[in-house]
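The chain contents come next:
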Amino acid sequence: MGHVSIMSLASLFVKLSQIAKFRILVRDADETPRFVRVEITLNSAVFCVTFTDAEYYPPPIRIENHSDVPVLYQQQSEGPIGQHLRTICKARSHIDYAWDDLYGSRRIVLQVYENKSHVYDPSVKGIGPQLVYENHMYIQLASSFNGGISFSTSISKRTEENELVLETLQKGKVILNKQNRVDANSGNQLWILCKDGCIENIGMTFRARTRMDGTLCCPGLPGMAVTHRAPEIIMAKCDTSRGEVTDPASQIWRIQRQRPGSGILEVECLHNGPTLVVRITDREDRLRNMSVPSFSRPAKPGILPFRLHLEK
């Protein structure tokens, strides 16, 4: 086994006991990956190592991040790994990759934000474990936000009347309060989308079923909608049978997530010629592409129109 130094940014061991062709990965000072093609040949009793530019060769591995969040990736290792080998694939981008350790585990570790990581074998086709990250939602009064749905009424100049969201109190009462982007008032302003299609407040047990037109309706009260009548949240008349809302400034709501995306990423390994592809897709985008009913894509990242059916 011989020791070969590549430029000043990488050092690795290469076995000289066998003829081989492969690519090695080196990184610039800004961690931009670059490839060098290595060919080991035997000439009589002499092993020759040739280094050439790999620009026109397909990469061994390509990581395609089709989601709206950055994903951290690295080669699986039994021991400690240098921070420079843990690299980020930015949202809506792709990056070419080759194993940092030529003779180590040929599996890749993916992680999103600070959540649990998962290991994938790019050589095995199929869908692997989902990458899940916490991504709760605010339910906003659309008319109190800039860039919201356009109404005849303008945004209030009083700051306490802007950026209002639904919040639950300890006894289960729902109020309207200014959005707290730091801790969401101990979580009482945050909601999650459950597997059964319901929205549930994470601070209190309060559930609602989603629809798509922006009003909040109760099945037991036809023609009524959740309405903001300062300082209360009440049920008021709302005739949506003709596609109209009686009082849009106080009856239209929207969802804004804490982070981009749905909070669930699908990871699929597939082959594209000689390149092993690791494709990361947001679950909602994947379902939409499969023509499964889901949310329509929001006009702005993280914002979804919806309708709620309140349940006791």
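Read on for an overview of the structure. Note that the structure is predicted; figures quoted are calculated from it, not measured.

A count of helices and strands for the protein chain gives two helices and 27 strands. Across the 312 residues of the protein chain, 41% fall into the buried class. Within the protein chain, residue pairs in contact and separated by at least 24 positions form 53% of the contacts whose partners lie at least 6 positions apart. Surface summary for the protein chain: the accessible area is close to 17400 Å², and the carbon and sulfur share equals 52%.

What follows is about the sheet that holds strand S5 (residues 46-53). Here we have three strands laid out as an open sheet, ordered S3-S4-S5, and antiparallel in their pairing. Both outer strands of the open sheet, strand S3 (20-27) and S5, are each paired with one neighbouring strand and no more. Sheet twist, expressed as the mean angle between neighbouring strand axes with direction ignored, is 30 degrees. Of the strand pairs in this sheet, S3 and strand S4 (residues 33-43) are connected by eight bridges, and their pairing is antiparallel. Its bridge partner lying in S4, Leu-25 is registered against Phe-35.

A word on the side chain of Gln-111. Along the polypeptide, Gln-111 turns up in strand S10 (residues 108-111). Not counting chain neighbours up to four residues away, the residues in contact with Gln-111 comprise Val-71, Leu-72, Arg-86 and Ser-117.

In space, the four strands of this open sheet follow the order S8-S7-S10-S11, with antiparallel pairing throughout. Since the sheet does not close on itself, it has two edges, and those belong to strand S8 (87-89) and strand S11 (118-120), each with one partner. The sheet shows a mean angle of 35 degrees between the axes of neighbouring strands, direction not considered. Two strands pair when backbone bridges link them, and strand S7 (residues 71-75) and S10 are joined in this way by four bridges, in the antiparallel orientation. Paired with Gln-75 across the two strands is Ile-108, which belongs to S10.

On to unusual backbone geometry, then. With an omega dihedral of 5 degrees, the bond running from Ala-230 to Pro-231 counts as a cis peptide bond. Residue Ser-44 is not a glycine yet carries a positive backbone phi of 60 degrees. Along the chain, the position of Ser-44 falls in the loop between S4 and S5. Classification of Ser-44 as exposed rests on a relative accessible area of 68%. One non-glycine residue, Ala-184, lies in the positive phi region at around 55 degrees. By the secondary structure assignment, Ala-184 is in the loop between strand S16 (174-178) and strand S17 (191-193). Taking relative accessible area as the criterion, Ala-184 reaches 1% and is therefore assigned buried.

Another point: the environment of Met-235. With respect to the helices and strands, the residue Met-235 is situated in strand S22 (residues 232-237). Put simply, Met-235 and Cys-217 are 18 residues apart on the chain and 8.4 Å apart in space, counted from C-alpha to C-alpha.

Burial analysis of strand S14 (residues 137-141) places five of its five residues in the buried class, which makes it a mostly covered element. Every second residue of S14 is oriented toward a common face, with Met-137, Ile-139 and Leu-141 on one face and Tyr-138 and Gln-140 on the other, all of them buried. Here S14 pairs with strand S23 (residues 253-257) via five bridges, running antiparallel. Bridging across to S23, Tyr-138 finds its partner in Gln-256.

Using the criterion set out here, one finds three aromatic pairs in the structure. Relative to Tyr-97, the ring of Tyr-73 has its centre 5.3 Å away and its plane inclined at 80 degrees; by these criteria the two rings are edge-to-face. Of this pair, Tyr-73 sits in strand S7 while Tyr-97 sits in strand S9 (residues 93-97), placing them 24 residues apart in sequence. Take Tyr-73 and Tyr-97: they sit in the same class, and that class is buried. Both rings, one in Tyr-97 and one in Trp-99, keep their centres 5.9 Å apart while their planes meet at 80 degrees; by these two values the pair is edge-to-face. In this structure an aromatic cluster arises from ring pairing among Tyr-73, Tyr-97 and Trp-99. One cation-aromatic arrangement involves Arg-259 over Tyr-113; the distance from NZ or CZ to the ring centre is 4.0 Å.

Rules used throughout
Residues numbered from 1 in each chain as written. Predicted model: local features only at pLDDT ≥ 70, side-chain atom pairs only at ≥ 80, totals over all residues. Heavy atoms only, no water. Helix = DSSP H or I, 4+ residues; strand = E, 2+ residues; numbered from the N terminus. Buried < 20%, exposed > 50% of the residue type's maximum accessible area, 1.4 Å probe, protein only. Contact = heavy atoms within 4.5 Å. Areas by Shrake-Rupley, 256 points an atom, 1.4 Å probe, with all protein chains shown as cover. Pairing = 2+ DSSP bridges. Axes fitted to C-alpha atoms, helices over the stretch in contact; angles between N-to-C directions. Phe/Tyr/Trp six-rings, centres within 6.5 Å; stacked < 30°, edge-to-face > 60°. Lys NZ or Arg CZ within 6 Å of the ring centre and 35° of its normal.

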